[in-house]
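Take a look at the letters that make up each chain.
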Amino acid sequence: CVTKSFSRTGASSGSFTAWARADADCAITESSEADNNMSKPYSVGTVAKPELYISAFDAVVTGTSVSYEATVCNAGATSGAFTLGIYYSSNSGPTCAGSKPSQTYVFTAGLTKGSCSKKAFIRPGATAGTFTGWAFADSDCKVAESTETNNTASKAYTVASQVPDLYVSTFSATSAGGSTVLE
């Protein structure tokens, strides 16, 4: 066995394949020439990026309060700080291109690869109706990620009309000397 090392300098960024060939000039007669080649892919200048995504999102209604809970995870390189935006109601998912500002948000410290962060928000006094809430990781669009299309999750929910419920708690009727007394 012979080990040789080579270095390539001045390569542009991108993905490449390196090839090695034993007996490159075919000067030696061998029993098999099929095993003389080997290749290995490699990258130049490729920097690993964060990969934020929403792993769970829920909206739970209690009376006129809506509790939102979102879990953001990172499958890539360590991210910097980012915002997690919550949209109370939207027909379509928020994006970095032209979305309205979220109704509430929280600044989140950066996440290391494989870590997650769970955040909760409570919205009191929601109006009655059916809504689709959205969670948006990196809603201020400042973290350059390997994929920007998986940063949102949605949840449909309904807030019931909160009309008063009037009721009679006590009632009695008695007859006293030909007249009825109601209490």
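Scoring rules and cut-offs
- Residues numbered from 1 in each chain as written.
- Predicted model: local features only at pLDDT ≥ 70, side-chain atom pairs only at ≥ 80, totals over all residues.
- Heavy atoms only, no water.
- Helix = DSSP H or I, 4+ residues; strand = E, 2+ residues; numbered from the N terminus.
- Rg over C-alpha atoms; globule rule 2.2 N^0.38 Å.
- Buried < 20%, exposed > 50% of the residue type's maximum accessible area, 1.4 Å probe, protein only.
- Contact = heavy atoms within 4.5 Å.
- Areas by Shrake-Rupley, 256 points an atom, 1.4 Å probe, with all protein chains shown as cover.
- Lys, Arg positive; Asp, Glu negative; His and termini not counted.
- Charge placed at Lys NZ, Arg CZ, Asp CG, Glu CD.
- Salt bridge = Lys/Arg side-chain N within 4 Å of Asp/Glu carboxyl O.
- Polar contact = N/O pair within 3.5 Å; in protein donor to acceptor, adjacent residues only side chain to side chain.
- Pairing = 2+ DSSP bridges.
- Axes fitted to C-alpha atoms, helices over the stretch in contact; angles between N-to-C directions.

**Student:** So, the overall build of the protein: which residues are in play, and what are the values?
**Tutor:** The number of helices and strands found in the protein is zero helices and eleven strands. The order of helices and strands in the protein, counted from the N terminus, is β-β-β-β-β-β-β-β-β-β-β. Taking 183 residues into account, the globule formula puts the C-alpha radius of gyration at 16 Å, and the protein, at 32 Å, lies well above it. On the principal axes, the C-alpha backbone points of the protein span a range of 130 × 35 × 25 Å. Per-residue burial for the protein yields a buried fraction of 27% across its 183 residues. Nonlocal contacts in the protein, meaning residues at least 24 apart in sequence, comprise 65% of its contacts between residues at least 6 apart. Accessible area of the protein: about 12200 Å², with a carbon and sulfur share of 54%. The average position of the 12 basic charges and that of the 14 acidic charges among the side chains of the protein differ by 5 Å.

**Student:** So what's going on with the pattern of salt bridges? Residues and values would help.
**Tutor:** A complete count under the given rule lists two salt bridges for this structure. Asp58 is paired through a salt bridge with Lys155; the nearest N and O atoms lie 3.6 Å apart. Taken together, the residues Asp58 in strand 3 (residues 52-62) and Lys155 in strand 9 (residues 152-159) connect sequence positions 97 residues apart. For Asp58, a relative accessible area of 32% gives the class partly exposed. We note a salt bridge from Glu69 to Lys118, for which the minimum N-O separation is 3.7 Å. Residue Glu69 is found in strand 4 (residues 65-74), and its partner Lys118 is found in strand 7 (residues 116-123); the two are separated by 49 residues along the sequence.

**Student:** Lay out the side chain of Asp138 in plain terms, naming residues and giving numbers.
**Tutor:** Mapped onto the fold, Asp138 is located in the loop between strand 8 (129-137) and strand 9. Among buried Asp, Glu, Lys and Arg side chains, Asp138 stands out as unpaired, with Lys142 the closest opposite charge at 8.2 Å. A polar contact is formed between the side chain of Asp138 and the backbone nitrogen of Val143, at a distance of 3.0 Å. The contact partners of Asp138, leaving out residues within four places of it in the chain, are Leu52, Phe82, Thr83, Val143, Glu145, Glu148 and Asn151.

**Student:** Please provide a residue-by-residue account of the environment of Thr17, values included.
**Tutor:** Position of Thr17 relative to the elements: it lies in strand 1 (residues 14-21). For Thr17, a relative accessible area of 45% gives the class partly exposed.

**Student:** Outline the sheet that holds strand 6 (residues 104-108), supporting the account with residue identities and numerical values.
**Tutor:** With antiparallel pairing, the four strands of this open sheet are ordered in space as 6-5-8-9. At either margin of the open sheet sits one strand with a lone partner, and together these are strand 6 and strand 9. Sheet twist, expressed as the average angle between the axes of neighbouring strands with direction ignored, equals 15°. In this structure, strand 5 (residues 82-87) lies alongside strand 6, joined through five bridges in antiparallel fashion. Bridging from a neighbouring strand, Phe82 pairs with Thr108 of strand 6.

Take it as geometry only, folks, not as evidence of what the structure does.
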